[in-house]
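The chain contents come next:
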Amino acid sequence: MKIKDLPKNEMPRERLLQYGVENLSNIDLLSIILRTGIKDISVRELSADILNSVGSLNNLADAGIRELSNIKGMGSVKAITLIAAVELGKRISSQEISLHMKLSNVELVHNAFKKYFINLKQEKFIAIYLDNKKCLISYKVLSIGTIDKTIVHPRDVFNEAIKVSASSIIVMHNHPSSDITPSKEDIDTTNRLVETGLIMNIPIIDHIITNGKDYYSFYDNHFTNN
């Protein structure tokens, strides 16, 4: 069934024009992207099936082509279309982080970068490079690991720092378990990075552990090196 075959008061595009895009449901938005269902399954029913299958809208960002294609009524073309739309949304969102933005406290850093860690099933480690006014020069993903471990060597952190002439560094990684309590390995990694930073004269000013929502800051918990 196509969108045009739906009753007029159920047409997502008509609802968008009447009420505004921000007032549409997730099912309506998916329906607009997918455009058509199949025989005996309307596009709105298909959209609902997708959300039920992946569990939530957030999980849609991690769904692959094979997983989506296996949902009755999808197929590879619709799966590719949906994945492309999700990726476009990610790229638009990432533009909120801009060079030279001031990152003078942990709240600013976490709010800017937490979206890169939402619903991840693996640990990801990034380094954020700042100038002498704590403004962003660049940031880089240095490692993507397993469900409970990511391996980062100090040389990877500081090689990039030298390339971009950073004055200080903030490192950040996630715990997929959602428990943001630092592990012994997290503490050991922080100590190694801090020691290297002192030698290189490029200090590590914080290490943030996040679950995409809440965070733990080594600086806020009496780690001091700035």
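These remarks concern the structure in this document.

Rules and cut-offs
Residues numbered from 1 in each chain as written. Predicted model: local features only at pLDDT ≥ 70, side-chain atom pairs only at ≥ 80, totals over all residues. Heavy atoms only, no water. Pairing = 2+ DSSP bridges. Helix = DSSP H or I, 4+ residues; strand = E, 2+ residues; numbered from the N terminus. Axes fitted to C-alpha atoms, helices over the stretch in contact; angles between N-to-C directions. Contact = heavy atoms within 4.5 Å. Core = buried A, V, L, I, M, F, W, Y, C linked by side-chain atoms within 4.5 Å. Buried < 20%, exposed > 50% of the residue type's maximum accessible area, 1.4 Å probe, protein only. Salt bridge = Lys/Arg side-chain N within 4 Å of Asp/Glu carboxyl O.

## Topic: the sheet that holds strand β1 (residues 124-130)
Read from one edge to the other, the open sheet built from five strands follows the order β2-β1-β3-β4-β5, with strand pairing classed as mixed. Edge positions in the open sheet fall to β2 (136-144) and β5 (215-217), since each of these has one partner strand only. When the angles between neighbouring strand axes are averaged without regard to direction, this sheet yields 20°. Relative to strand β4 (residues 204-210), strand β3 (residues 168-174) is paired through six bridges, and the arrangement is parallel. Within β4, the residue paired with H173 across the bridge is I209. Across the sheet, helix α9 (residues 184-200) lies against β1, β3 and β4, angled at about 160° from β4, the strand it touches most.

## Examining the nonpolar core
With 19 residues, the main nonpolar core has Y129, V157, I169, V171 and I204 as its most contacted residues. Sorting the residues of this core by element identifies β1, α8 (154-163), β3, α9 and β4 as the ones contributing at least two each.

## Let's talk about the pattern of salt bridges
Under the definition given, this model contains four salt bridges. Close ionic contact of R15 with D28 constitutes a salt bridge, the shortest N to O distance being 3.1 Å. Of this pair, R15 sits in helix α1 (residues 12-19) while D28 is found in helix α2 (residues 26-34), placing the two residues 13 residues apart along the sequence. If you follow the salt bridges from partner to partner, you end up with R15, D28 and R44 in one network.

## Examining unusual backbone geometry
Positive phi outside glycine occurs at K134, with the angle close to 60°. With respect to the secondary-structure elements, K134 resides in the loop between β1 and β2. Relative accessible area serves as the criterion here: at 28%, K134 is assigned to the partly exposed category. Although it is not a glycine, S178 adopts a positive phi angle of roughly 80°. Mapping S178 onto the fold places it in the loop between β3 and α9.

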